[in-house]
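If you want the building blocks of each chain, they are given just below.
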Amino acid sequence: MNLDLFSAEDTAPPTPYEIAPGAWALPGIASTHADALWAGIHKVIQSHPLRHLVTPGGSRMSVAMSNCGDLGWVSDEAGYRYQGTDPLTQTPWPAMPEGFREMAISAAEQAGYPAFEPDACLINRYAPGARMTLHQDKNERDYSAPIVSVSLGLPAVFELGGLERGDKVQRLSLQHGDVLVWGGPARLRFHGVRAVDPGQHLLTGAHRFNLTFRKAA
Ligand SMILES: O=C(O)CCC(=O)C(=O)O
Ligand SMILES: [Fe+2]
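Residues numbered from 1 in each chain as written. Chains lettered and ligands numbered in written order. Predicted model: local features only at pLDDT ≥ 70, side-chain atom pairs only at ≥ 80, totals over all residues.

You'll find the protein entered in an unreviewed UniProt entry as DNA oxidative demethylase AlkB, with Rhodoferax mekongensis given as the organism. In its Cofactor (unreviewed entry) section, the UniProt entry covering the protein states "Fe(2+)". (UniProt positions renumbered as here; feature names shortened; annotations may be inferred.)

Caption draft 1: Region of the structure containing the overall build of the protein. Helices and strands together make up the secondary structure of the protein, namely three helices and 13 strands. The globule rule puts the C-alpha radius of gyration for 217 residues at 17 Å, and the 17 Å found for the protein is close to it. Looking at the protein alone, contacts between residues at least 24 apart form 75% of all its contacts between residues at least 6 apart. (Helix = DSSP H or I, 4+ residues; strand = E, 2+ residues; numbered from the N terminus. Rg over C-alpha atoms; globule rule 2.2 N^0.38 Å. Contact = placed C-beta atoms within 7 Å.)

Caption draft 2: How the structure looks around the site of ligand 1. By nearness alone, every residue bordering ligand 1 is listed as Leu 122, Asn 124, Met 132, Asp 137, Ser 149, Phe 158, His 191, Val 193, Asn 210 and Thr 212. Classifying every residue of the shell around ligand 1 by side-chain character gives four nonpolar, five polar and one charged. (Near = placed C-beta within 6 Å. Nonpolar A, V, L, I, M, F, W, Y, C, P; charged D, E, K, R; others polar.)

Caption draft 3: Broad picture of the packing of helix H2 (residues 34–47) against helix H3 (residues 98–110). Remark: H2 packs on H3, axes separated minimally by 9 Å, with the N-to-C direction vectors making an angle of 130 degrees. Here H2 lies oblique to H3, going by the angle between them. Along this stretch, H2 crosses H3, giving a crossing that reads as left-handed. Packed against H2, whose contacting residues are Ala 36, Leu 37 and Gly 40, the element H3 presents Gly 99, Phe 100 and Met 103 at the interface. (Axes fitted to C-alpha atoms, helices over the stretch in contact; angles between N-to-C directions. Parallel < 35°, antiparallel > 145°, perpendicular 65-115°, else oblique. Left-handed = near helix turned anticlockwise from the far one by under 90°.)

Caption draft 4: Representation of the environment of Lys 138. Among the secondary structure elements, Lys 138 is positioned in the loop between strand S7 (132–135) and strand S8 (147–153). Among the residues examined, Lys 138 registers 9 C-beta atoms within 10 Å and is labelled exposed. Between the C-alpha atoms of Lys 138 and Arg 81, which are 57 residues apart in sequence, the distance is 9.6 Å. (Buried ≥ 20, exposed ≤ 12 C-beta atoms within 10 Å, placed from the backbone.)

Caption draft 5: Examining the nonpolar core more closely. One finds Leu 37, Ala 107, Cys 121, Val 148 and Val 181 to be the most contacted residues of the largest nonpolar core, which totals 53 residues. Those residues in contact with Leu 37 that lie beyond four places of it in its chain are Ala 30, Gly 99, Phe 100, Met 103, Val 150, Leu 152 and Leu 211. (Core = buried A, V, L, I, M, F, W, Y, C linked by C-beta atoms within 7 Å.)

Caption draft 6: How the structure looks around the UniProt feature "domain: Fe2OG dioxygenase" (unreviewed entry) in the protein. The UniProt entry lists residues 117–217 under the feature "domain: Fe2OG dioxygenase" (unreviewed entry), expressed in the numbering used here. Secondary structure across residues 117–217 comprises 0% helix and 42% strand; the distance between its end C-alpha atoms is 10 Å.

Caption draft 7: Here's a closer look at the sheet that holds S7. Strand order in the open sheet formed by four strands is S7-S12-S9-S10, with antiparallel pairing between adjacent strands. Bordering the open sheet on either side are S7 and strand S10 (170–174), each of which pairs with just one other strand. The sheet shows a mean angle of 20 degrees between the axes of neighbouring strands, direction not considered. As defined by bridge partners, S7 adjoins strand S12 (residues 191–193) across two bridges and the pair is classed as antiparallel. Its bridge partner being in S12, Met 132 is matched across the sheet by Val 193. (Pairing = 2+ DSSP bridges.)

Caption draft 8: Here's a closer look at the sheet that holds strand S11 (residues 179–182). The strand order across the open sheet formed by seven strands is S1-S2-S11-S8-S13-S6-S3, and the pairing between neighbours is antiparallel. The sheet terminates laterally at strand S1 (17–20) and strand S3 (64–69), the two strands that pair on one side only. With strand direction ignored, the average angle separating the axes of adjacent strands in the sheet is 20 degrees. One ladder, built from six bridges, connects S8 with strand S13 (residues 208–214); its direction is antiparallel.

Shown next, in the form of structure tokens:
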């Protein structure tokens, strides 16, 4: 009798795959770093709390945000932008923890983008029902560096569109520890996150967290 319940096929680590030219999924690569990333998130949000920013149009975002690194992404009635100071605390954003930087650089490398030097890390917290509508990341000064996006906690459905808002979107299920990297011809693709379903995760509780690394300056 064969009692080998876990065949080699089942236990083989998932491998990186290209979702679209220049866009890569790196399943699970952050899971072994999750505890360190989680500790880093906590440290950052202790001094620079998660908050619901307001869009230039005046709506409150459902995702709560904070930042670390030289620059942080913010939004208010005046627009979207990066700045070195947290508008809430009026103090500089905390330094990007070394483990964050290493994770982002390694992910970019695995997706074929060597020499990624992130200077901004946006921390996104999704409670059940929170979502991010289709958008392009285009507040960065130049688009030659990729975007590195790390998922922690509750799963979510990521939508990757094309270069035009109306283009067809492909849906990807993102689990704890999954990383997406998009750059080059994919750098300005529209993308978003569908409303997160209620759930419980051992590390993050009732939330999904996402770290988005960018070279903003
Ligand atoms: O939460 C995610 O997976 C994506 C976040 C995102 O697109 C952004 O912060 O610009
Ligand atoms: Fe984005």
